[in-house]
Amino acid sequence: MDKRKQLREKAMRLPLSPGVYIMKNKQGEIIYIGKAKALKNRVSQYFGSERNHSIKVRKMVENVDDFDYILVGSEFEALVLECSLIKQHEPKYNILLKDDKGYCYIRVSGGDWPTISLSLQKYEDGAEYIGPYISISSVKNTVDQANAVFHLPTCGKTFPCSGVSRPCLNYYIHLCDAPCCGKISKEEYQKNAEAALRFIRGGSEEILEQFRQEMTAAAERYDFERAAKLRDRIRGIEKVGEKQMVVSDRDQNCDVFAVVTGPKTSCLNVLHFRAGRLCGSAYFYFNEEEVDAAIRKELLTSFYAARDEIPAEIFLDGDCEDRELLEQWLSEKRGKRVHLSVPQRGERLRLVEMCRKNASEKLFQRQGRLSKDNAPLQELRELLGLSVYPDYIEAYDISHTAGSDNVAGMVVFKNGKPYKSAYRRFAIKGFSGQDDYRSMAETLTRRFEEYEKHKDSGEGFGKLPDLILLDGGLGQVNAVKPVLARFGLDIPLFGMVKDDKHRTRAISTDGGEIAIQSKRTAFTLLSSIQNEVHRFAITYHRKKHAGSTLRLELLDIEGIGEAKAKALLRQFKTVKHIKEATVQELLETPGISERLARNIYLHYHKEDMVDESSVGDF
């Protein structure tokens, strides 16, 4: 029995219970781990129709030889177990957020006199480790600032020190309270260390408010020494804050997620905001060309599975699968409520757009492109509001002469350059006459029928474009939209509108027209695409029309029909060569009899012949 059928039959015997499923290859290696609310329904989908599967899922299913499962009590428990197993086994087809940088941690030593330092690794030494973090320089700056503001030691001594000790220079320049010499009590030192950790974890605003209240209370009870210390600490924190770039008017702690897709690779950017200030970012690359709600869920679980620092708000650039479950999981990890949202307007949306812009630039750099080369496509993406970087663009144009010899041309631009090996030509076959809308619909229908046949290859017709451009306005767009809907495709579709001088003027959508003249690089790119697709379509039409004219001339010969005219042109290429051919040479054409060969020869040599008998018998 076919392996897929065996696996489907096994899946159909699963219970309709929440759980985790574990896909394995022939070697018994775990290649994918997922969770399901109803195991039977979810797992059986993998081994049914492939129509709605992504390329990644199809490849994964091809490598599945068996699967196992674990039943749990709820869908939430399934999510927690899924995250744990993925972290443990690191399956090939789960999205694992890895990059080419090392991680670092903030180390908080144990004991009654804790110290805070930077650590490149996690050790089993009884200390608390906060992280991991990507940017070593950012973590070092944060640790240095916390130690300086709260006067914590950085000398590496063990406290309390035995014997007589003299304080170091840091004590005299007010960067350390010298616990080595007993200049500060254990209780006050621990308060400072706790405040430093709150400063690291939550930013400065919460600590500042607490210190202001304590300073006021100390002054009211005439403890001016304590009030002066708190005043200096407040100034130190405010001075640190002045050096940080403020990017949000809200005193909020949040993470912002945005994903940009490119050819074969996508980039996730995460920005960390604390007290309204950008305090760090991380970039991850993974091999996906499409990003949907399910993938965003994988990205979030993979990112936070290895992290304990979770803010109250997380902003996403698109919808996320199992949002409520993720919020519950993150809230339990944090110990407080966590909210996931997709901003639609205002400052939050601006933060998401900034995150997406940074992800785009990182992806461009990784792919070895220069910013000036990316400008037209990036500007086009922003102009049209595309969620995906338009690396692979298909453009279509119709050409005919008063409805005769109706053809279409398809050109492809890859990374902003003509990709001529992917160009295709279409002869309109579904009807006769002049109807550009029907011609465009037929062309795109045939193009996506070919996609269904070759989609497993991912090449040529088997590759979907990031953007479709049609030479024409709203009529062409409306003619093609039902075609995309019929094939279940969600591809951005726009028309290219020309002015009275046949120059690109605007982009047409179902919402109206988008002016492009002000977007210089995008305008140049669109003009190049429209000129190229027009050139390609009209060249094919002229060639086809010239062939039609020649066939019409041959049809005047007695006994020559459409099929035999085409055969002659295939054999001799031009009418001139047919005219110059002898009867014997004409007989070498498939389907041409001796009688027809003599008719053709006589048709072109009547004026040269005095008597038909001079033609001779062959």
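Residues numbered from 1 in each chain as written. Predicted model: local features only at pLDDT ≥ 70, side-chain atom pairs only at ≥ 80, totals over all residues. Heavy atoms only, no water.

Focus: helix 15 (residues 474-486)
Consideration 1: For helix 15, which comprises 13 residues, the first-to-last C-alpha distance of 19 Å matches the rise-based estimate of 18 Å (1.5 Å per residue) to within 8%.
Consideration 2: All of the buried residues along helix 15 are Gln 476, Val 477, Ala 479, Val 480, Val 483 and Leu 484.
Consideration 3: Among the structural elements, helix 14 (436-454), strand 16 (467-471), strand 17 (493-498) and strand 18 (504-509) are those in contact with the buried residues of helix 15.
Consideration 4: Directly beyond the C-terminal end of helix 15, a positive phi value near 65° is found at Gly 488. (Helix = DSSP H or I, 4+ residues; strand = E, 2+ residues; numbered from the N terminus. Expected span 1.5 Å × (residues − 1). Buried < 20%, exposed > 50% of the residue type's maximum accessible area, 1.4 Å probe, protein only. Contact = heavy atoms within 4.5 Å.)

Notes on the sheet that holds strand 2 (residues 30-36)
Consideration 1: The strand order across the open sheet built from three strands is 2-1-3, with neighbouring strands paired in antiparallel fashion. Sheet topology places strand 2 and strand 3 (66-71) at the edges, where each strand pairs with a single neighbour. Going across the sheet, the axis of each strand differs from the next one's by a mean of 20°, ignoring polarity.
Consideration 2: With six bridges joining them, strand 1 (residues 19-24) and strand 2 adopt antiparallel strand pairing. Bridge assignment links Ile 22 to a residue of strand 2, and that residue is Ile 33.
Consideration 3: Seen against the sheet, helix 2 (residues 39-46) touches strand 1, strand 2 and strand 3 and runs at an angle of roughly 25° to strand 1. (Pairing = 2+ DSSP bridges. Axes fitted to C-alpha atoms, helices over the stretch in contact; angles between N-to-C directions.)

A look at the pattern of salt bridges
Consideration 1: Scanning the model with the defined rule gives 16 salt bridges in all.
Consideration 2: Between Lys 3 and Asp 65 there is a salt bridge; the shortest N-O distance is 3.6 Å. Placement of Lys 3 in helix 1 (residues 3-12) and of Asp 65 in the loop between helix 3 (55-62) and strand 3 is noted, with a sequence separation of 62 residues between them.
Consideration 3: Residue Lys 3 is classed as partly exposed on the basis of its relative accessible area, which comes to 35%.
Consideration 4: The partner of Asp 112 in a salt bridge is Lys 186, with the nearest N and O atoms 3.8 Å apart. Of this pair, Asp 112 sits in the loop between strand 4 (104-108) and strand 5 (116-119) while Lys 186 is found in helix 7 (residues 186-202), placing the two residues 74 residues apart along the sequence.
Consideration 5: Residue class for Asp 112 comes out partly exposed when judged on its relative accessible area of 43%.
Consideration 6: Exposure remark for Lys 186: the relative accessible area of 32% places this residue in the partly exposed category.
Consideration 7: Salt bridges sharing partners connect three or more residues here, namely Lys 35, Glu 75 and Asp 322. (Salt bridge = Lys/Arg side-chain N within 4 Å of Asp/Glu carboxyl O.)

Thoughts on the state of the cysteines
Consideration 1: The full count for this structure, using the stated rule, is zero disulfides.
Consideration 2: Just so you know, Cys 181 is unpaired, no disulfide at all, and the nearest cysteine sulfur is the one on Cys 180, 3.6 Å from it.
Consideration 3: Given a relative accessible area of 25%, Cys 181 falls into the partly exposed group. (Disulfide = S-S within 2.5 Å.)

Concerning a nonpolar patch on the surface
Consideration 1: Taken together, the side chains of Leu 169, Tyr 172, Ile 173 and Leu 175 define a hydrophobic patch exposed on the protein surface, amounting to about 400 Å² of accessible area.
Consideration 2: Among the secondary structure elements, Ile 173 is positioned in the loop between helix 6 (169-172) and helix 7.
Consideration 3: Ile 173 sits in the partly exposed class, given a relative accessible area of 44%. (Patch = residues over 30% accessible without salt bridge, like charges linked within 9 Å, V, L, I, M, F, W, Y side chains within 5 Å. Areas by Shrake-Rupley, 256 points an atom, 1.4 Å probe, with all protein chains shown as cover.)

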